[in-house]
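Summary of the model geometry
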Amino acid sequence: GQQLNQSPQSMFIQEGEDVSMNCTSSSIFNTWLWYKQDPGEGPVLLIALYKAGELTSNGRLTAQFGITRKDSFLNISASIPSDVGIYFCAGLGTSYGKLTFGQGTILTVHP
Amino acid sequence: DVKVTQSSRYLVKRTGEKVFLECVQDMDHENMFWYRQDPGLGLRLIYFSYDVKMKEKGDIPEGYSVSREKKERFSLILESASTNQTSMYLCASSFEQGTTDTQYFGPGTRLTVL
C-alpha cells in the first residue's frame, strides 16, 4: 500500500528559528494536507494543497505540493513556544476519502 | 466552522466490557472515519463510512465494529475490550467522496482498558 516517509522524526529548536519538515512517497497523491496535534487533542488542519506545484501560506506557515506529486514540505518561520506539537503530513490518492499519514514530526521550541 | 465532537475525552473500562465511542459532526458530511493513535505507530484507520448504514473496514478492523444509523453520527464499538485496545481514538469527517476532500478531526477519546 501507499506509505509516507516524514522527516525529521523530531526537532529541538530555539525560539525564533525557522523550521522545515517534509514528506515523501513512492506513490502519487492528489491532495496533500498538513495537520498539527497538541498534546491530548485531535489533529487540526493547517494547510491543504490540491495542485502540483502549489505553494500556500497560512501566517508563518508555508507548504508546497511537490511538482512530481510525490512530496510536500512545510516551513514554519520565526518559531514561537506555542508551535510545540506533532506535525503530520497526509496524502489523498486514488483510494477516495482515505488518507495516508506520515509518522509525524515532534517539534520542541525552547524559549 | 466544522465541528466534530466525541462523547468522552477520557474513558476507563475493564477487560471484557462492551465499549461505545460516539462521534457527531454538524456539517452534513457524508464521510466519517475512526482511527486509533499509538506512540510510534501514527494514525491507523479502523473503519470508515461513506453513507448512512454503510461501512468499510480500514487497516486494523479486528476487535472493532461500527454503526452509522444517522448521517451525523458514527459509533465505534469494542465488543469485548482488551488491554491492547488501550489507545487514543480519533474520529474524523469529510464532505464528499473524491480526491480533494479534507478530513476534520474530533478532540479524541483516550481509552484505558484495565
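Described below are features of the structure shown in this document. (Residues numbered from 1 in each chain as written. Chains lettered and ligands numbered in written order. Predicted model: local features only at pLDDT ≥ 70, side-chain atom pairs only at ≥ 80, totals over all residues. Heavy atoms only, no water.)

1. Structural notes on the environment of Tyr50(A)
Relative to the helices and strands, Tyr50(A) resides in the loop between β5 (44-49) and β6 (55-58). Residue classification places Tyr50(A) among the partly exposed residues on the basis of a relative accessible area of 36%. Taking the C-alpha atoms as reference points, Tyr50(A) and Gln64(A), 14 residues apart in sequence, are found 9.9 Å from one another. Within the local environment of Tyr50(A), its side chain forms a polar contact with the side chain of Thr102(B), the two groups lying 2.9 Å apart. (Helix = DSSP H or I, 4+ residues; strand = E, 2+ residues; numbered from the N terminus. Buried < 20%, exposed > 50% of the residue type's maximum accessible area, 1.4 Å probe, protein only. Polar contact = N/O pair within 3.5 Å; in protein donor to acceptor, adjacent residues only side chain to side chain.)

2. What about the nonpolar core?
Within the largest apolar cluster, 21 residues are counted, with the highest numbers of intra-cluster contacts made by Trp32(A), Trp34(A), Leu74(A) and Leu107(A). At the level of elements, β2 (10-14), β3 (19-25), β4 (31-37), β5, β7 (61-65), β8 (71-76), β9 (85-92) and β11 (105-110) of chain A are the ones that each hand at least two residues to this core. Membership of the second largest hydrophobic core comes to 20 residues, among which are Val4(B), Leu11(B), Met32(B) and Tyr89(B). (Core = buried A, V, L, I, M, F, W, Y, C linked by side-chain atoms within 4.5 Å.)

3. Some thoughts on the interface of chain A and chain B
Each side of the interface is counted separately: chain A has 20 residues, and chain B has 22 residues. Approximately 1,800 Å² of surface area, both sides summed, lies buried where chain A meets chain B, with 58% of it carried by carbon and sulfur atoms. Linking chain A with chain B are one salt bridge, by the criterion used here. Here Arg9(B) makes a salt bridge to Glu41(A), at a shortest N to O gap of 3.2 Å. Remark: the boundary between chain A and chain B carries six residue pairs in polar contact (both at pLDDT 80 or more). Of all the elements in the fold, those that place two or more residues in the side of chain A that touches chain B are β4, β5, β9 and β10 (99-101) of chain A. Here the side of chain A that touches chain B takes four residues from β4(A), the largest share from any one element. (Contact = heavy atoms within 4.5 Å. Buried area = accessible area lost by both parts, 1.4 Å probe. Salt bridge = Lys/Arg side-chain N within 4 Å of Asp/Glu carboxyl O.)

4. Section: the sheet that holds β6(A)
All names here are of chain A. Pairing in this open sheet of five strands is antiparallel, and the strands run β1-β3-β8-β7-β6 from one edge to the other. Since the sheet does not close on itself, it has two edges, and those belong to β1 (4-7) and β6, each with one partner. Averaged over all pairs of adjacent strands, the angle between their axes in this sheet comes to 15°, without regard to strand direction. As paired elements, β7 and β8 share five bridges and run antiparallel to each other. Of the residues in β8, the one forming a bridge with Leu61 is Ile76. (Pairing = 2+ DSSP bridges. Axes fitted to C-alpha atoms, helices over the stretch in contact; angles between N-to-C directions.)

5. Quick word on the pattern of salt bridges
All names here are of chain B. For the coordinates displayed, the defined rule picks out ten salt bridges over all chains. Among the ionic pairs, Asp28 bridges to Lys71, the shortest N-O distance being 3.1 Å. Separated by 43 residues along the polypeptide, Asp28 in the loop between β3 (19-25) and β4 (31-38) and Lys71 in the loop between β7 (65-70) and β8 (73-78) bring together distant segments of the chain. In this structure Lys71 comes out as partly exposed when scored by relative accessible area, which is 25%. Several salt bridges converge on common partners, so that one network encompasses Asp28, Glu30 and Lys71.

6. Structural notes on the packing of aromatic side chains
All names here are of chain A. In the structure shown here, the tally under the stated rule is eleven aromatic pairs over all chains. Aromatic pair Tyr35 and Phe101: ring centres 6.2 Å apart, planes at 45°, arrangement tilted. Taken as a pair, Tyr35 in strand β4 and Phe101 in strand β10 lie far apart in primary sequence, 66 residues in all. With respect to burial, Tyr35 and Phe101 carry one shared label: buried. (Phe/Tyr/Trp six-rings, centres within 6.5 Å; stacked < 30°, edge-to-face > 60°.)

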